[in-house]
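# Observations on the three-dimensional arrangement
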Amino acid sequence: MTNVLEVTGLTTTFSRNERAFKVVDNLCLQVKRGESVGIVGESGCGKSVASLSMMRLLSKNGSIAGRIQLNGADLLRYSEKEMQKIRGKEIAMIFQEPMTSLNPVLTIGKQLSEGLEKHEGMNRVQSRQRVLELLTQVGISRANEIYHEYPHRLSGGMRQRVMIAMAIACHPKLLIADEPTTALDVTIQAQILDVMKKIQRELGMSLIMITHDLGVVAETCDRVLVMYAGQVIEAADVRTLLRSPKHPYTMGLIKSTPHNAKGQKRLHSIAGSVPAPDHYPKGCRFAPRCEKVMPVCLEQNPPLLDVDQQSECRCWLYRENRESTAVNG
Amino acid sequence: MKTPLLQVKNLNKKFLVGKGWFQQPSYVHAVHGVNVTVNAGETLGIVGESGCGKSTLGRCILRLIEPTDGEIVFEGQNIRSLQKADMQKLRRDMQMVFQNPFDTLNPKLTIQHILSEPLIAHGIPKRERAAMIEETLEIVGLNKSHLSRYAHEFSGGQRQRIGIARALMLRPKLIIADEPVSALDVSIQSQILNLLQDLQEQFSLTYLFISHDLSVVEHIADRVAVMYLGEVIELAKKEELFQRPMHPYTQTLLSAIPITDPDEKKERIILTGDLPSPSNPPQGCKFHPRCWACMDVCKTETPPFTEADGRLVACHLYTK
Ligand SMILES: Nc1ncnc2c1ncn2[C@@H]1O[C@H](COP(=O)(O)OP(=O)(O)OP(=O)(O)O)[C@@H](O)[C@H]1O
Ligand SMILES: Nc1ncnc2c1ncn2[C@@H]1O[C@H](COP(=O)(O)OP(=O)(O)O)[C@@H](O)[C@H]1O
Ligand code: SF4
Ligand code: SF4
Ligand SMILES: [Mg+2]
Ligand SMILES: [Mg+2]
C-alpha cells in the first residue's frame, strides 16, 4: 500500500540565547492510507514539536531539516502560501487545548463554515448544511443550537468535538491529533476516541495519534513509535510493542502503569527523570536511568535498528541484530 | 469497632454564582450531602470526573474553605465548631498535598524556607528545625544539597516530593492528597505512588486520595468512593468496586478506562451527552439523563444512599 506520509530524518532545532538544541532528532515515519500510527512519550520528548514541524507551524526560533513528503510532494519546499492551501485540506491537526485554536469571538457555525467556503468554494447555504452534518457526525446532538454558540460556552468535550469537526471538514488525507483527549475525563475520552475511529473508517483517513497514554495507543493505533528525549527509541506494531517491548525504556514504561501492576504492592518505576533538550547525555540518552546500562552506552548513542521482523529499537543490547537496514541516529 | 479517624456527616458546600445586580442569586451545590468515614491507616480513594466536587470535599474537610453545613469529626471531635487558633493546632495532624506543587510552592522562596514554614507556624524551636528538615528531605528522596534551591529549579516529580515533604514535616495523621500524581509522567508517577505507600507504612498515615485516574486509585486505595455532581453515589472496598461495580455510573467509568492489553477486549459503555451543569442539576437521580437503566422513578425521586450487598450505593435499581 502507498504511503500517504513519508518523513525522513526530520530534525527540528530551536535556538534560544544564541544556543541551539535539537528537540526532534532524525525522526523517520511512514503512514499508509487508512493507517493509524501512534507517537508516545513523556512530556517534553518532542511529540508536539514533531507534529507542528509536519504542519510547518513552528514558531520563528525553530528550524526544520529533513524531508516531509505528503503524497510524494515535499512540504519543506512549499511556501507559506502553498502550505495554507494544504493545511485543512490535505493534512489537518487537532490540538491538545482546543481553546487555543478556536476563535473566541466567532460562533461555532462561522468558524466551521470559513474553511468550507475557502477550500471547497461552498456558498452560505451549502456550508451551513455541511456544518450541521459535521456536528452531528462528531456526536453533537443539538447541532442547530451549537451552531450559534460561542466556544467558551461549550464544555471541554464539546470543544474537542468541534475541533474534530473542523479538522475533518475538508476530508483531509491525514489527521494529526496531538493529545486530543488528555484534558478530558475518561467517559468523554471514550466518546471522542469512538467518534475519531468511526470517522477514520468512514473517510479512509490516515491518523497520527500523539499521546503519553499507552492505553489510548492500544485502543486506536495500528503501529506505534516510542520517543524518548527527542528520538524514536522503538517502533513496532501495537501488539508487538505492548506484548514484547524491546527497549528498556518501553519495558519500564509498560511495567510502570498501575493497570499492569494487578495485585503487586509496589509499582515498577524508572529511576531519575527525563533530561531537558540542552542536557541530553552524550551516549544513549536513556543511559542515566537504564537498569541495563553498559560501558558502550555511555560513549555512543545507539542507532535505530531492526531487532527482528516486527520491531526497530535504539539500544546497544541488540547489537548482534544489526546486519539489516540501518537508519543512523 | 474502633471509631474512625475521620467521619464526614452530611457535608454540604454551596458556592454562590451569578451575582449580578438584577440576577437571582444561584448556587453550585459542589458537595451535596456527603457521608464518608476514613479509618486510621487506610487509604480512601475519591474518584469522579472533573467538577464533581472532589477538591471541594477535600478542602472542606481541612476547612480551607468553610462547608455550608454538615459535620466533620476528627478523632471524635467535631472540628467545625473549632476556633481559628484551635483549628490551626489541629492542622499538625491533617495536611494536604496538591496536584500542582508548583502553584503552591512560592517561587521566591528556597526549599529551606518552604519547609521551615510549617515548623515555625507550630512553634518548633529553631535549633530543632534543621535536623527535622534534613531528615524529612531524605525520607522523600531528596537531600540537603537541595535546600538552597528554588522550586522552579526542580522537575515535576521533585517538586511533588517537596510538596510531600512539606505535608510530612509535622508528622500528621491524615494526609489529603488531591490529584498528587496527575501532573506527572507515568515513569515519575510510579515513583511518587511508591513513595506515598512507603510513607504510609513508615508513619502509619491515613490517606484521603483524590484522583480522576481510576487505575491509580485501584492501585493505591483500600476503599473507594465514587462521586457524581457533588454526591457520593457508590462506596465500597476496592476489590469489590472494581470487580463488580453496581451503580450504572461506576460501571460506565470503569468501562471507559483505556487498557494497554491489545487482547483484552472489554464491553465499553459510551455515554451520550455531557456532564450536566452543576448549577442546574437534573431532578431525581442526577445521573438519570445519561443512564441507560433509567426508570420512571429515577426522574423524580432521589435514590437514597443505602447499603446493598455489603456496600453503599445510591441507585433505584437496588432499593426494592
Ligand atoms: N470558589 C468557587 N466558586 C464557585 N464555584 C466553585 C468554586 N470552587 C469550585 N466550584 C464549583 O464546584 C464544583 C466542584 O468543583 P471541584 O473543584 O471540587 O471539582 P473536582 O471534582 O475537584 O474537579 P477536578 O477533577 O477538575 O479537579 C464545580 O462545578 C466548580 O465549578
Ligand atoms: N517554541 C519553542 N521554543 C523553544 N523550545 C521549545 C519550543 N517549543 C517546544 N520547545 C521545547 O522542545 C521540547 C519538546 O517539546 P514538545 O514537543 O512540546 O514536547 P511533548 O513531547 O510534550 O509534546 C521541550 O523541551 C520544549 O520545552
Ligand atoms: S543502549 Fe544501553 S543504556 Fe541505552 S537503553 Fe540500551 S542498554 Fe540501556
Ligand atoms: S437511580 Fe435510576 S437513573 Fe439513577 S443510576 Fe440508578 S437506574 Fe440510573
Ligand atoms: Mg505536547
Ligand atoms: Mg480538583
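Values in this document were obtained by computation on a predicted structure and should not be read as measured data. (Residues numbered from 1 in each chain as written. Chains lettered and ligands numbered in written order. Predicted model: local features only at pLDDT ≥ 70, side-chain atom pairs only at ≥ 80, totals over all residues. Heavy atoms only, no water.)

## Some words on the overall build of chain B
So the rule is basically this: Counting from the N terminus, the helices are DSSP H or I runs at least four residues long and the strands are E runs at least two residues long. Think of it in three bands: with a 1.4 Å probe and only protein chains considered, a residue is buried below 20% of the maximum accessible area for its type, exposed above 50%, and partly exposed in between. Note on contacts: a residue pair is in contact if any heavy atoms of the two residues lie within 4.5 Å. Only four residue types enter the charge count, namely Lys and Arg as positive and Asp and Glu as negative; His and the chain termini do not. Here the site of a charge means atom NZ of a Lys, CZ of an Arg, CG of an Asp or CD of a Glu.
Of regular secondary structure, chain B possesses 11 helices and 12 strands. Each of the three principal axes of chain B carries a C-alpha extent, and together these read 65 × 55 × 50 Å. Per-residue burial over chain B gives 55% buried out of 320 residues. Contacts in chain B between residues far apart in sequence, at least 24 positions, make up 64% of those at least 6 positions apart. Here chain B holds 36 positive side-chain charges and 36 negative ones, and the gap between their average locations is 7 Å.

## Here we look at the nonpolar core
All names here are of chain A. What counts is decided by this rule: Grouping buried Ala, Val, Leu, Ile, Met, Phe, Trp, Tyr and Cys residues that are joined through side-chain atoms within 4.5 Å yields what is termed a nonpolar core.
Of all hydrophobic cores here, the largest spans 65 residues; its most connected members are Leu 135 and Met 196. Ranked by residue count, the leading element in this core is helix 6 (residues 156-168), at seven residues. Among all residues touching Met 196, those that are not within four sequence positions of it are Ile 94, Ile 164, Leu 175, Ala 177, Pro 180, Leu 207 and Met 209.

## Describing the site of ligand 4
We count it as follows: When we say a residue is near a molecule or strand, we mean one of its heavy atoms is within 4 Å of it. Only Asp, Glu, Lys and Arg are considered charged in this grouping, and only Ala, Val, Leu, Ile, Met, Phe, Trp, Tyr, Cys and Pro are considered nonpolar; every other residue, Gly among them, is considered polar.
The local shell around ligand 4 consists of His247(B), Pro248(B), Cys285(B), Phe287(B), His288(B), Cys291(B), Ala293(B), Cys298(B), Pro303(B), Cys315(B), His316(B) and Leu317(B). Per-class residue counts for the shell around ligand 4 are nine nonpolar, three polar and no charged.

## Focus: helix 10 (residues 248-255) of chain B
Helical periodicity: at 3.6 residues per turn, an α-helix aligns residues three or four positions apart in one direction. Helix 10 of chain B sits mainly inside the fold: seven of its eight residues count as buried. Restricting attention to buried positions, one finds in helix 10 of chain B the residues Pro248(B), Tyr249(B), Thr250(B), Thr252(B), Leu253(B), Leu254(B) and Ser255(B). Those residues of helix 10 of chain B that are buried lie in contact with helix 7 (186-203) of chain A together with strand 3 (43-47), helix 8 (214-220), strand 9 (223-228), strand 10 (231-237) and helix 9 (238-243) of chain B.

## Points about the sheet that holds strand 8 (residues 206-211) of chain A
Residues and elements named next belong to chain A. In plain terms, the rule: Strands qualify as paired when DSSP identifies two bridges or more between them.
One open sheet accounts for eight strands, arranged 6-7-8-3-9-10-12-11; its pairing is mixed. Every interior strand has two partners, whereas the edge strands, strand 6 (91-94) and strand 11 (305-306), have only one. Where strand 7 (residues 174-178) lies against strand 8, five bridges are found, and the strand directions are parallel. Paired with Leu 175 across the strands is Leu 207, a residue of strand 8.

## Some points on the UniProt feature "domain: ABC transporter" (unreviewed entry) in chain A
Note the cut-off: UniProt positions are given in the numbering used here, feature names are shortened, and annotations may be inferred rather than shown by experiment.
As recorded in UniProt, the feature "domain: ABC transporter" (unreviewed entry) lies at residues 5-254 of chain A. Annotated as 39% helix and 28% strand, the span residues 5-254 of chain A places its first and last C-alpha atoms 28 Å apart.

## Description of the interface of chain A and chain B
Here is the rule we go by: When two parts are put together, the accessible area they lose, computed with a 1.4 Å probe and summed over both, is reported as buried area. Between Lys or Arg on one side and Asp or Glu on the other, a salt bridge is scored when a side-chain nitrogen of the former is within 4 Å of a carboxyl oxygen of the latter.
Facing 43 residues of chain A, the contacting portion of chain B comprises 37 residues. Together, Val186(A), Thr187(A) and His259(A) form the three largest contributors to the area buried by chain A at its contact with chain B, with a combined 16%. Across the contact surface, chain A and chain B share three salt bridges. Glu201(B) is the partner of Lys265(A) in a salt bridge, and the nearest nitrogen-oxygen pair spans 3.9 Å. Those elements that provide at least two residues to the side of chain A that touches chain B are helix 6, helix 7, helix 8 (214-220), helix 9 (238-243) and helix 10 (248-256) of chain A. The dominant element in the side of chain A that touches chain B, judged by the number of residues it contributes, is helix 7 of chain A, at seven residues. Looking at the side of chain A that touches chain B residue by residue, the class counts come to 15 nonpolar, 16 polar and 12 charged.

## Thoughts on the packing of aromatic side chains
By convention here, two paired aromatic rings are described through the distance between centres and the angle between planes. Applied cut-off: Side-chain rings of Phe, Tyr and Trp, where Trp is taken by its six-membered ring, are said to pair if the distance between their centres is within 6.5 Å; with planes under 30 degrees apart they count as stacked, over 60 as edge-to-face, and otherwise as tilted. We call a charge positioned above a ring when the Lys NZ or Arg CZ atom is no farther than 6 Å from the ring centre and deviates by at most 35 degrees from the ring normal.
Applying the stated criterion across every chain, the model contains six aromatic pairs over all chains. Residues Tyr228(A) and Phe286(A) carry aromatic rings whose centres are separated by 5.2 Å and whose planes lie at 85° to one another, so their mutual orientation is edge-to-face. Taken together, the residues Tyr228(A) in strand 9 (residues 223-228) and Phe286(A) in the loop between helix 10 and helix 11 (295-299) connect sequence positions 58 residues apart. We note that Tyr228(A), like Phe286(A), is buried. Aromatic side chains Tyr228(B) and Phe287(B) sit 5.2 Å apart centroid to centroid with 85° between the ring planes, which places their arrangement in the edge-to-face category. Taken together, the residues span a long stretch of sequence, with Tyr228(B) in strand 9 and Phe287(B) in the loop between helix 10 and helix 11 (296-300) at a distance of 59 residues. When sorted by exposure, Tyr228(B) lands in the same class as Phe287(B), which is buried. Connected via pairs of aromatic rings, a cluster forms that spans Tyr228(A), Tyr249(A) and Phe286(A). Sitting over the ring of Tyr147(A), Arg128(A) keeps its end group 4.7 Å from the ring centre.

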